[in-house]
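# Fold and geometry: a report
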Amino acid sequence: MADLETQHASIALYRYMLPKIVGSEEYVKTIRMMNTVRDDLTSGKRQASITSGSFGEGLEMRGGDLDIMIVWKEIEVCDDTNILLNPNKSYFAMETDFTQPGFTQLRLLHTFHDNIFQLCDERGGNFYFSNTAFKQMVSTKNFSIVHGPCLSDKEGIFDLAVCCQSKSWIAPAKQWITRSSNSWPGIDVKKSIIQHGVLFVPIGVKYSTNEDLEWRLSFSIGEKYLVYTFTHSQLLCYALMKILLKDVISIDLECSDLLCSYFMKTILFWISEEFSPEIWKPENLISNFMKCFRRLIYSAENSVCPHYFIPENNLFENKIRGQAQQKLLKKLYFLKSYDWQCILLSDQFSTFHEEFFYRLKEPASLYFDGIDKLLFSMINVADFSTGQSSLDRKIRKALSSQSSRIRYIYWYYISKFCNTRIQFCPSNESSGHKASYRHYKNCISTLLLNLNHDAVSGWLLIATLFYQTKQYNSAIYILQYSSSKCTPEKMQHLRYLSNINYELLILNSLRKMNIVQLWKLLRIDSVLFSENSTVLPDDLKLKLGSEPCSIPPLVYAHFLRFLCHFYLNNVRKCRDSLEDLKLTTDGEYFIANPEDKAFAYCILGIAFEISGDFESAKQAFVQSWKL
């Protein structure tokens, strides 16, 4: 009877609970497809981009950041030094004699670039690659915080690991090729993993005498391939282990730093290899989860968690020992007493029943937070990649795709890329009308490509260009059109979906659309201006300076319409636009959060100041400051 109850609970988890927490099978496929397109578009001749972590695997996990690996193609690591060298590349050889398993030192073999020597330390006549110097070299203004092997942004949303690659499989992991006699992973999967080689990330063994000169072997590409082979039941079991770790184990302060998601993934790999693929059925979800949980306890009891590709590398060595081990085991034994229901201690499950019937309305393919983060990453890695890939190449990629879903994703990313590119169009103050006209045409074509990521913001930037070139009537026409799209059923960034949104999304005509089509039809974004943007109207630049800013869409539309009428000397329409701007700000129309509202009052203050109403301007600025 207990087994039957467990199977019923497994089905409930599989069909209803977990899809609402980590995404449906269709959602996972969408995220993975978007990863593939984003990685392709942000890769170039010098670097390759790889989305990793939970998002890279297709899972949207609460509190998860977006991990991106940048492979430095101008550097190659060799396990076998008897290879033909490309004179334009720098080559390093692995030396593992004096490092722990899973780590290596990189000795310089060949380079024509003087700056490579500056990244190395000389030892006994040889030059060894410094992981510290490398991280300092690749850090940027956006990614300046060193976090282990990664560089993080100030908000802690993105982790960027810049690494090197060996294109051939390395000796320390050779045994993996022939180790498994079961059907997982399949031969074709193994071949693909071997063909993609191994990465080297810039971090050494903590407190090692040569910590700065050691590099960790990373099998991120292979691990991503392995997770992609998971059945959906297998993937949800992995998600349960991650939820157990983050929501139940790690909230205990004594255990918060002892385990990480990588250990959970490693356990899943071993279980998957050791058991028949037939076990991964929806009705076995709970029993499989308990297999993994018991393996975690066993590993903690024996302080042994072998790395999946290099078993000699014990991930628990010097970590799960002594007092730390006892604290962890105490926690794990306590959770074991709950059996599988220990997972229900996660607040994501405890609040599930309250939200269940409400959330059932939500289409399974529409999870805003995760997709938002993934799409926004195109801009945030621009320091490393967007300058390398020409717009023409991106467009050719979009046009050549056989899949309409993939084409739409390409066009979305191209639109976001153009949104970034237009911010830095050079000034049209040039000698001669031909150069000025050519500049104007380039701006227009880029702005037209910028229309494909939401319903409004692209049109508002086109209106901005017309305003900047003193085509005020054309700008007003575009503003009227874009404002007409700001209707109640539209969905706004950072806002919870309303009842009207849900009712709209269950329409058959919309359910047939893919995520990017829905975004363009129903989504309204704020108008983003980058730091030192050349597009930001001078009237705002004088007050706001060169800092980046995000302006609520309807606020910006009314403000720009006010400016156009002001310079056309349309006094009455200027006054009407100012009144519309005030009503929009006071009524919080399409204003997503207090920060946006504060910025809206600042914009209102600037408008009042331009109109000469300094008392009203003062009140608006005070309100902005209070918020």
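Residues numbered from 1 in each chain as written. Predicted model: local features only at pLDDT ≥ 70, side-chain atom pairs only at ≥ 80, totals over all residues. Heavy atoms only, no water.

For the rest of this paragraph, the subject is the overall build of the chain. In terms of helices and strands, the chain carries 28 helices and 15 strands. Relative to its full complement of 627 residues, the chain shows a buried share of 54%. Restricting to contacts in the chain with at least 6 residues of sequence separation, those with at least 24 account for 68%. Split by element, the accessible area of the chain, about 29,100 Å² in all, is 52% carbon and sulfur. (Helix = DSSP H or I, 4+ residues; strand = E, 2+ residues; numbered from the N terminus. Buried < 20%, exposed > 50% of the residue type's maximum accessible area, 1.4 Å probe, protein only. Contact = heavy atoms within 4.5 Å. Areas by Shrake-Rupley, 256 points an atom, 1.4 Å probe, with all protein chains shown as cover.)

Time to look at the packing of helix α25 (residues 553-567) against helix α26 (residues 571-587). In the contact formed by α25 and α26, the axes pass within 8 Å of each other and the chain directions differ by 165 degrees. With respect to their mutual orientation, α25 and α26 come out roughly antiparallel. Two packed elements cross with a definite hand, and for α25 against α26 that hand is left-handed. Taking contact as the criterion, the partners of L554, V555, H558, F559, R561, F562, H565 and F566 in α25 are, on α26, K573, C574, S577, L578, D580, L581, T584 and T585. Among the residues forming the contact of α25 with α26, the class breakdown is eight nonpolar, five polar and three charged. (Axes fitted to C-alpha atoms, helices over the stretch in contact; angles between N-to-C directions. Parallel < 35°, antiparallel > 145°, perpendicular 65-115°, else oblique. Left-handed = near helix turned anticlockwise from the far one by under 90°. Nonpolar A, V, L, I, M, F, W, Y, C, P; charged D, E, K, R; others polar.)

This next bit is on the packing of helix α8 (residues 220-228) against helix α10 (residues 261-274). Contact geometry of α8 with α10 gives a least axis separation of 12 Å together with a crossing angle of 60 degrees. Between α8 and α10, the interaxial angle falls into the category oblique. When the axes of α8 and α10 are compared, the crossing they make is left-handed. Where α8 approaches α10, its residues E223, L226 and V227 are matched on the opposing element by Y262, K265 and F269. A class-by-class count of the residues in the contact of α8 with α10 yields four nonpolar, no polar and two charged.

Taken as a whole and judged by the stated rule, the model has 32 aromatic pairs. Their ring planes at 10 degrees and their centres at 4.6 Å tell us that F219 and F309 sit as a pair that is stacked. Of this pair, F219 sits in the loop between β11 (214-218) and α8 while F309 sits in the loop between α11 (285-302) and α12 (322-336), and the two are 90 residues apart along the sequence. On the basis of relative accessible area, F219 is assigned to the buried category, the value being 4%. For F309, a relative accessible area of 0% corresponds to the buried category. Geometrically, the ring pair formed by Y472 and Y567 is stacked, given 6.0 Å between the ring centres and 15 degrees between the ring planes. One end of the pair, Y472, is in helix α20 (residues 472-484); the other, Y567, is in helix α25, with 95 residues separating them in the sequence. Given a relative accessible area of 36%, Y567 falls into the partly exposed group. Here the aromatic residues W169, W176, W184, F219, F230, Y238, F269, W270, Y308 and F309 are joined through ring pairs into a cluster of three or more. Geometry around F275 places K291 over its ring, the cationic atom sitting 5.4 Å from the centre. (Phe/Tyr/Trp six-rings, centres within 6.5 Å; stacked < 30°, edge-to-face > 60°. Lys NZ or Arg CZ within 6 Å of the ring centre and 35° of its normal.)

Inspection of the entire model under this criterion finds 16 salt bridges. Across the salt bridge formed by D39 and R38, the nearest N and O atoms sit 2.7 Å from each other. Across the pair, R38 and D39 agree in class, each one buried. For E57, the salt bridge identified is with K265, shortest N-O distance 2.7 Å. Highlighted residues: E57 in helix α3 (residues 53-57) and K265 in helix α10, separated in sequence by 208 residues. (Salt bridge = Lys/Arg side-chain N within 4 Å of Asp/Glu carboxyl O.)

Structurally, N288 is set in helix α11. Exposure remark for N288: the relative accessible area of 1% places this residue in the buried category. If near-sequence neighbours (up to four positions away) are discounted, N288 is found in contact with C237, I279, W280 and K281.

In this chain, W184 is followed by P185 through a cis amide linkage whose omega measures -10 degrees. Along the chain, P185 falls in the loop between α6 (174-179) and α7 (187-195).

On to the environment of P311. Along the chain, the position of P311 falls in the loop between α11 and α12. Along the chain, P311 and W176 lie 135 residues apart, while their C-alpha atoms are 9.0 Å from each other. With near-sequence residues (within four places) excluded, P311 lies in contact with Q175, R179, W270 and P306.

Moving on, we come to a nonpolar patch on the surface. Taken together, the side chains of F334, Y338 and L345 present a nonpolar region at the surface, about 280 Å² in accessible area. Here F334 shows up in helix α12. Under the relative-accessibility criterion, F334 is labelled partly exposed at 41%. (Patch = residues over 30% accessible without salt bridge, like charges linked within 9 Å, V, L, I, M, F, W, Y side chains within 5 Å.)

By secondary structure assignment, the location of D596 is in helix α27 (residues 594-611). Setting aside residues no more than four positions away along its own chain, D596 makes contact with S526, S550, P552 and I591.

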